[in-house]
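Structural overview for review
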Amino acid sequence: MCRRQSGTETSERPMFRFKVRKSGGDALLEINPNLVVPMLIVYTLTRSKQLIPCTSVVIEKHGQGPRELKFRLPDSTDHRVQFATRREREQFAACISFLSNKVTKRVSSQPLRVWMGTWNMGEAPPPDLFSSNQRISEWLRPDENNDIICVCVQECVYKERTGYKDCEDDWFRTVDTVLGPKYIKICGYSLNWIRMVLFIRADHREHVSKVSVKKEAVGIAHVLANKGAVCMMFTFRESKLCFVGCHLNAHQDKVIRRNEDFFEIVNGCSGEGMGWKDFWITNQFHHVFWAGDLNYRIDYDRQKVVELSQQGPEGWNFLYKYDQLQHQMRKETAFIDFNESQPLFQPTYKYARGKNIYPDDEKQRIPSWCDRILWKALSEETVIQEEYTSVQTVMTSDHRPVYSLFRIDARNQFVPDSVADPLSTPASSKTTEIWDKPVSAYLKIRQLAGHDLDSLDPNGFSDPYVVFVSPILQNSYSTNVQVKTLHPQWEVEPELRLNFDELEYIENEYIFLAVYDWDLTSQDDPLGQAHLSLKGLLDGNIHNFCIRALGCGKRGGSVSLSVYSTT
């Protein structure tokens with residue numbers, strides 16, 4: 001039950017009290033907006049009392065039931081509670097969001113500067129921070145006021161310097177020192193000599209939740225960790241972000257092996273703990289950033305590559321036509337639907353250490369853009385790449401560091417226009433009516449069909465069915481199975497009931513589709529996945545789509561459907 005307790009002064013806002021159920025028993029949540037710092041006060045059955053500034057409470061509604069909510073406190077503890085009604089859950093979330101200034105009238109409202117860098121360190125320590133004329137700060141850019149910084153390195157193995165317990169500790173603390181107190185480390189993780197560490201601006205810490213890490217080795221025999229990837233995901237406000245740092249297999253002629261490494265990393269880093277466990281990491285996050293020593297080479301005469309690399313943009317434009325990675329992306333044999341700007345800098349490998357020249361040694365490596373940064377986003381998300389360059393002044397390795405700066409829009413906790421100030425709205429107003437009324441919005445699917453799906457069964461066919469999932473659906477929906485076909489058509493028209501009926505919220509969300517091959521004696525195999533933006537779909541008209549389904553980073557056929565809304 002929610003009880004509004006009126007203030008003694010007419011200028012005071014009322015306090016709100018919510019009786020909720022949690023794992024340890026019943027509890028009382030009280031919101032007091034009249035203090036200098038608005039507070040959430042949590043009372044438990046043991047009479048313990050906890051005071052938390054509203055600005056430090058992170059709300060998570062996605063993935064919860066219609067009356068459930070999870071919130072995280074400054075000590076990183078998660079609290080999952082159940083309210084008596086959906087109205088009370090929405091009212092609690094709206095009050096916390098309003099008081100913490102986390103909301104505007106739009107879902108996506110806060111621009112973020114995301115910096116990601118990659119560097120193959122060549123088994124050498126970084127330049128000394130104090131005595132060297134080489135500055136890794138010219139790579140990490142600590143003074144540029146970036147919001148998120150993700151640093152990925154490869155071949156990071158050297159004798160730790162005095163004061164550090166091992167190489168990992170040395171490197172992570174070195175990055176921390178360069179970035180300074182304005183940033184705090186969210187997590188750091190290593191796969192053998194591949195290391196990735198994630199920092200965020202200190203004043204954003206309260207907006208970070210659901211941090212997860214996974215790794216996948218793709219080295220010798222597809223097992224050893226000399227090659228592979230580290231994957232990190234987290235939620236910033238309401239945006240789901242994923243970062244991958246990798247080191248793929250080397251040598252000029254190993255293009256197919258590098259493509260296989262990509263697929264293996266996607267498969268191995270997906271699953272339990274990485275968002276929806278049945279969706280691959282490349283198909284579900286608002287933003288995916290992928291960096292590393294990808295090891296794709298330039299297929300051209302070595303001496304001519306050396307000469308052209310010194311000629312600036314004109315030479316780089318010519319060499320890019322012979323770049324293995326862009327050829328593979330165009331043929332859709334790897335990194336399907338990822339984006340990369342053309343590298344307008346010198347090939348980053350292989351240099352003479354301490355010099356900006358390509359050595360004429362016995363190995364005769366062809367200079368190449370081995371070190372790359374790519375990105376991918378859901379269809380309606382904003383991504384602007386503001387920089388993509390290398391740093392020629394850091395020369396301890398035979399690779400040069402690379403970084404890219406992106407600007408994205410972070411999503412905020414949604415509060416409808418009608419409840420822009422939930423604390424000043426009388427209990428009998430339109431706000432209460434909106435929160436109390438049952439949700440009656442539906443999405444209806446017609447003419448659902450699959451095209452050119454993969455064959456996974458020995459008979460040359462598959463037995464496909466489709467599952468629809470989304471944070472805004474009250475429940476997932478699964479179609480019936482179509483037997484022995486690669487071009488299924490479903491007669492039944494799925495009806496997807498929504499958790500919300502606020503148009504401005506729904507239009508910023510997505511429906512995710514997963515196509516599976518049904519198996520009688522084993523776990524069903526995924527055939528492909530896709531997403532559908534709901535922008536503009538709730539006008540009552542029929543909208544027709546044919547969307548590509550991606551398997552584990554690969555093409556998986558397509559799905560066509562017609563969508564219309566009812567209320």
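Quick note: structure is the one above.
Throughout this document, residue positions are counted from 1 along each chain, in the order its sequence is written. In view of the model being predicted, local features appear only for residues whose pLDDT reaches at least 70, and side-chain atom pairs are presented and counted only at 80 or more, with totals across whole chains, interfaces and linings using the full set of residues. The side-chain numbers reported here are obtained from all heavy atoms of the structure, hydrogens and water having been left aside.

Let's shift gears to the environment of R258. What counts as a helix is a DSSP run of H or I of at least four residues, what counts as a strand is a run of E of at least two, and both are numbered from the N terminus. Within the secondary structure, R258 sits in helix α4 (residues 255-268). Only protein chains enter the calculation, and the probe is 1.4 Å; a residue is then buried if its accessible area is under 20% of its type maximum, exposed if over 50%, and partly exposed in between. Since its relative accessible area comes to 0%, R258 is described here as buried. Distance from R258 to A334, taken between C-alpha atoms, is 8.6 Å for residues 76 residues apart in sequence. In contact with R258, not counting residues within four places along its chain, are L248, N249, A250, H251, Q252, L294, N295, Y296, R297 and Q324. Every residue pair with non-hydrogen atoms within 4.5 Å of one another is taken to be in contact.

Now for helix α3 (residues 167-179). An ideal rise of 1.5 Å per residue puts 18 Å on 13 residues; α3 measures up with 19 Å between its terminal C-alpha atoms. Along α3, the residues that are buried comprise C167, D169, D170, W171, F172, T174, V175, V178 and L179. Contacts described as polar in this section are N or O atom pairs within 3.5 Å, which, within protein, must combine one atom able to donate a hydrogen with one able to accept it, while residues neighboring in sequence count only if both atoms come from side chains. With a side-chain oxygen lying 3.3 Å from the backbone nitrogen of E168, the N-terminal cap of α3 falls on D166. Where α3 ends, the next residue or the one after it, G180, has phi of about 85°, a positive value. The span one expects for a helix is its residue count, reduced by one, times 1.5 Å.

The calculated volume of the second largest pocket comes to roughly 340 Å³. Buriedness for pockets is judged along seven lines, at least five of which must meet protein on both sides within 12 Å for an open set on the 1 Å grid over protein atoms alone, while cavities are sets there where a 1.4 Å probe fits but cannot get out, and lining residues have an atom within 4 Å of a point. Surrounding the second largest pocket, 21 residues form its lining, E155, Y349, R365, D398 and H399 being those nearest its centre. Taken together, the residues of the lining of the second largest pocket break down into 5 nonpolar, 6 polar and 10 charged. Grid points are joined across faces, edges and corners, and a volume is the space filled by probe spheres set on the points. The residue classification treats Ala, Val, Leu, Ile, Met, Phe, Trp, Tyr, Cys and Pro as nonpolar and Asp, Glu, Lys and Arg as charged. All others, Gly included, are polar.

With respect to burial, strand β14 (residues 228-236) is a largely interior element, 9 of its 9 residues being buried. Residues G228, V230, M232, F234 and F236 point to one face of β14 and A229, C231, M233 and T235 to the other, with burial holding for every one of them. At least two bridges found by DSSP between two strands are what make those strands a pair. Relative to β14, strand β13 (residues 208-217) runs antiparallel, the two being bridged by 8 bridges. Its bridge partner being in β14, K214 is matched across the sheet by C231. Where β14 and strand β15 (residues 239-247) come together, 9 bridges link them in antiparallel fashion. Bridge pairing links F236 to S239 in β15. In this antiparallel pair of consecutive strands, β14 and β15, the connection spans 2 residues, and R237 shows a positive phi of 55°.

Functional significance is not addressed by these values, which are geometric in nature.
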